[in-house]
Amino acid sequence: MSEDTTILQTIIIGSGPAGFTAAIYAARAEMNPILISGMELGGQLTTTTEVENFPGYPEGITGPEMMGQLQKQAEKFGTTVIIDKVTEVIFGNKSGDIHTVKTSSGKEYKTKTVIVSTGASAKYLGKDFEEKYRGGGVSACATCDGFFYRGRNVVVVGGGDTAVEEAVYLAKICKTVYMVVRKDYLRASKIMQEKVDATPNIVLMYNHEVVDLKGENGLVSQAVVVNNQTSEEKTLEVDGIFVAIGHSPNTDIFKGKLEMDETGYLIVRPFSTETNIPGVFAAGDVADKRYRQAITAAGSGCMAALDAEKYLAHNKYP
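Model, not experiment: these values are computed from the prediction.

### Brief notes about the overall build of the chain
Line of reasoning, step 1. The helix and strand inventory of the chain stands at seven helices and 17 strands.
Line of reasoning, step 2. Taking 318 residues into account, the globule formula puts the C-alpha radius of gyration at 20 Å, and the chain, at 21 Å, falls close to it.
Line of reasoning, step 3. Expressed as lengths along the three principal axes of its C-alpha atoms, the size of the chain is roughly 70 × 40 × 35 Å.
Line of reasoning, step 4. The contacts of the chain with a sequence gap of at least 6 include a subset with a gap of at least 24, amounting to 60%.
Line of reasoning, step 5. Accessible surface, the chain as shown: approximately 15600 Å² in total, 48% of it carbon and sulfur.
Line of reasoning, step 6. Taking the average location of the 32 positive side-chain charges in the chain and that of its 39 negative ones, the two points are 3 Å from each other.

Written as structure tokens, this is what we have:
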């Protein structure tokens with residue numbers, strides 16, 4: 001383990017919109033931040049082909065381009081970006097304690113504050129066709145990508161509240177929304193089920209599963225579904241498939257250390273980004289199970305940097 005004895009002002013873990021925005025604000029506050037990116041520089045947005053709902057881009061921008069610009073802006077103000085993966089964080093327990101961050105390359109860093117922005121990963125079906133058509137019809141975010149399917153037919157996979165929310169949203173802009181539900185009932189709350197019943201262009205397909213996607217040039221044109229009770233196959237003429245079976249926050253290395261809810265999302269104090277550990281802050285999807293948008297993640301990254309700056313100003317270090 002290679003240890004740097006320098007005690008840093010802050011380390012940011014994660015390189016999505018939350019992480020880079022936190023880095024921009026921290027760097028401008030002369031906190032000399034180090035951002036440890038993880039092995040996927042840019043986070044979930046690097047898998048998004050077109051971003052049209054982030055303010056300031058009237059013509060749209062690809063996810064990778066946007067994350068590249070955020071990185072350049074963070075580095076311009078003095079952020080050091082390290083492509084590495086954090087494997088363990090040893091937290092101090094009281095105000096003024098130093099935290100230790102360890103990485104897979106064998107490096108060890110000491111820091112006064114930590115901003116956790118490791119994000120959340122959408123759950124997928126685990127099928128080869130999802131990877132084949134990722135960015136060409138397969139998505140896990142209706143509010144991000146639904147606009148591209150205006151007036152078209154789409155599939156939503158799932159039967160919980162998230163799936164119903166996606167289906168109802170898409171029904172407002174799409175011609176037909178097929179809800180493919182593995183079981184013979186919706187797991188969604190009663191009020192959400194009532195919304196489905198009140199939406200005529202949502203077609204419920206109980207006891208069905210998506211078994212294949214077809215298309216040309218990487219673009220979806222058909223979804224093959226099978227009835228898991230009768231084995232009968234159907235081919236749906238659709239242009240998009242939205243997998244809405246939930247998200248998993250990337251918090252495994254913090255279990256037993258940072259307070260989190262039953263699904264693994266970090267818990268922060270109301271109207272702040274403070275976790276249960278002094279000097280440790282959480283920003284972005286890692287603490288947000290409701291909105292999960294690039295713009296809200298960026299906003300919370302700003303909040304985390306300001307919270308960390310305030311924390312440093314109120315704690316004395318040797």
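### Describing the nonpolar core
Line of reasoning, step 1. Of all hydrophobic cores here, the largest spans 30 residues; its most connected members are Phe20 and Ile115.
Line of reasoning, step 2. At the level of secondary structure, the elements contributing two or more residues to this core comprise α1 (17–28), α2 (63–76) and α7 (294–313).
Line of reasoning, step 3. A per-element tally of this core places α7 first, with eight residues.
Line of reasoning, step 4. Every residue in contact with Ile115, bar those within four places of it in the chain, is listed here: Thr10, Ile11, Ile12, Ile13, Ala22, Phe281, Ala283, Ala304, Ala305 and Ala308.
Line of reasoning, step 5. Ranked by size, the runner-up nonpolar core spans 22 residues in total, among them Ala142, Val154, Val164 and Val177.

### Remarks on the state of the cysteines
Such a bond, covalent and formed between the sulfur atoms of two cysteines, is termed a disulfide.
Line of reasoning, step 1. Applying the stated rule across the entire model yields one disulfide.
Line of reasoning, step 2. There is a disulfide in this structure between Cys141 and Cys144, and the S-S distance comes to 2.2 Å. Judged by the sign of its S-S torsion, about 65 degrees, the bond between Cys141 and Cys144 is right-handed.
Line of reasoning, step 3. By relative accessible area, which is 27% here, Cys144 ends up partly exposed.
Line of reasoning, step 4. Between Cys174, a free cysteine, and Cys141, which holds the nearest cysteine sulfur, the sulfur-to-sulfur gap is 13 Å.

Cut-offs and rules
- Residues numbered from 1 in each chain as written.
- Predicted model: local features only at pLDDT ≥ 70, side-chain atom pairs only at ≥ 80, totals over all residues.
- Heavy atoms only, no water.
- Helix = DSSP H or I, 4+ residues; strand = E, 2+ residues; numbered from the N terminus.
- Rg over C-alpha atoms; globule rule 2.2 N^0.38 Å.
- Contact = heavy atoms within 4.5 Å.
- Areas by Shrake-Rupley, 256 points an atom, 1.4 Å probe, with all protein chains shown as cover.
- Lys, Arg positive; Asp, Glu negative; His and termini not counted.
- Charge placed at Lys NZ, Arg CZ, Asp CG, Glu CD.
- Core = buried A, V, L, I, M, F, W, Y, C linked by side-chain atoms within 4.5 Å.
- Buried < 20%, exposed > 50% of the residue type's maximum accessible area, 1.4 Å probe, protein only.
- Disulfide = S-S within 2.5 Å.

These figures capture arrangement, not role.
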